[in-house]
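Here is what each chain is made of, one letter per residue.
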Amino acid sequence: ECLKKSSTLQELNISENEITNNGLMKIGEGLQINTSLQTLDVSRNKISDDGLTTFSEYLKNNSTLRKLSLSWNSVYHLEVDVTNQSLNMRNKQFGDIYHNAINTIP
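An account of the accompanying structure is given in this report. (Residues numbered from 1 in each chain as written. Predicted model: local features only at pLDDT ≥ 70, side-chain atom pairs only at ≥ 80, totals over all residues. Heavy atoms only, no water.)

Here the focus is the overall build of the chain. Counting secondary structure elements, the chain contains four helices and four strands. N-terminal to C-terminal, the α/β element order of the chain is α-β-α-β-α-β-α-β. Relative to its 106 residues, the chain shows a buried fraction of 42%. Considering only contacts within the chain whose residues lie at least 6 apart along the sequence, 87% involve residues at least 24 apart. With an accessible surface of roughly 6,100 Å², the chain has 45% of that area assigned to carbon and sulfur atoms. (Helix = DSSP H or I, 4+ residues; strand = E, 2+ residues; numbered from the N terminus. Buried < 20%, exposed > 50% of the residue type's maximum accessible area, 1.4 Å probe, protein only. Contact = heavy atoms within 4.5 Å. Areas by Shrake-Rupley, 256 points an atom, 1.4 Å probe, with all protein chains shown as cover.)

Structure below.
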């Protein structure tokens, strides 16, 4: 709810908060409306493939987020194409996916 109303918040670090896919969806809903957040760190949480895939759909409607940090989550089969399409639509940077057990086989 806070992301929907904020017009000044530019960076949000919510790492190590045990955020699950449901929490990430709430963040995504806020980002559809938010016009100020540029950097989001959701590292060291409990985000999985399904959550990230759905979250990337929310990002398609956000024009301000530029950097997303996802390290130390439960991402195993990263939907690189889907997420990169969402993030790169407006010169966004998909970064910090380290320490996930990502399967690199297409």
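Another point: the packing of helix H2 (residues 21-33) against helix H3 (residues 49-59). For the pair H2 and H3, the least separation of the axes is 9 Å and the interaxial angle reads 5 degrees. The angle between the axes of H2 and H3 places the two elements in the roughly parallel class. Contacts from Asn21, Leu24, Met25, Ile27, Gly28, Glu29, Leu31 and Gln32 of H2 reach H3 at Asp50, Gly51, Leu52, Thr54, Phe55, Tyr58 and Leu59. Of the residues assigned to the contact of H2 with H3, the class counts are eight nonpolar, five polar and two charged. (Axes fitted to C-alpha atoms, helices over the stretch in contact; angles between N-to-C directions. Parallel < 35°, antiparallel > 145°, perpendicular 65-115°, else oblique. Nonpolar A, V, L, I, M, F, W, Y, C, P; charged D, E, K, R; others polar.)

On to the environment of glutamate 57, then. Take glutamate 57: it is sitting in helix H3. Distance from glutamate 57 to glutamine 32, taken between C-alpha atoms, is 9.7 Å for residues 25 residues apart in sequence.

Bringing H2 into the picture now. Between the first and last C-alpha of H2 there are 19 Å, a value that for 13 residues agrees with the 18 Å anticipated at 1.5 Å per step. For H2, the set of buried residues is Leu24, Met25, Ile27, Gly28, Gly30 and Leu31. In this structure, the buried side of H2 is in contact with helix H1 (2-5), strand S2 (39-41) and H3. (Expected span 1.5 Å × (residues − 1).)

Residues Ile27, Leu31, Leu40, Val42, Phe55 and Leu68 are the most contacted members of the largest nonpolar core, which totals 19 residues. Mapped by element, the contributors of at least two residues to this core are H2 and H3. Setting aside residues up to four positions removed in sequence, phenylalanine 55 forms contacts with Leu24, Met25, Ile27, Gly28, Leu31, Leu40 and Leu68. (Core = buried A, V, L, I, M, F, W, Y, C linked by side-chain atoms within 4.5 Å.)

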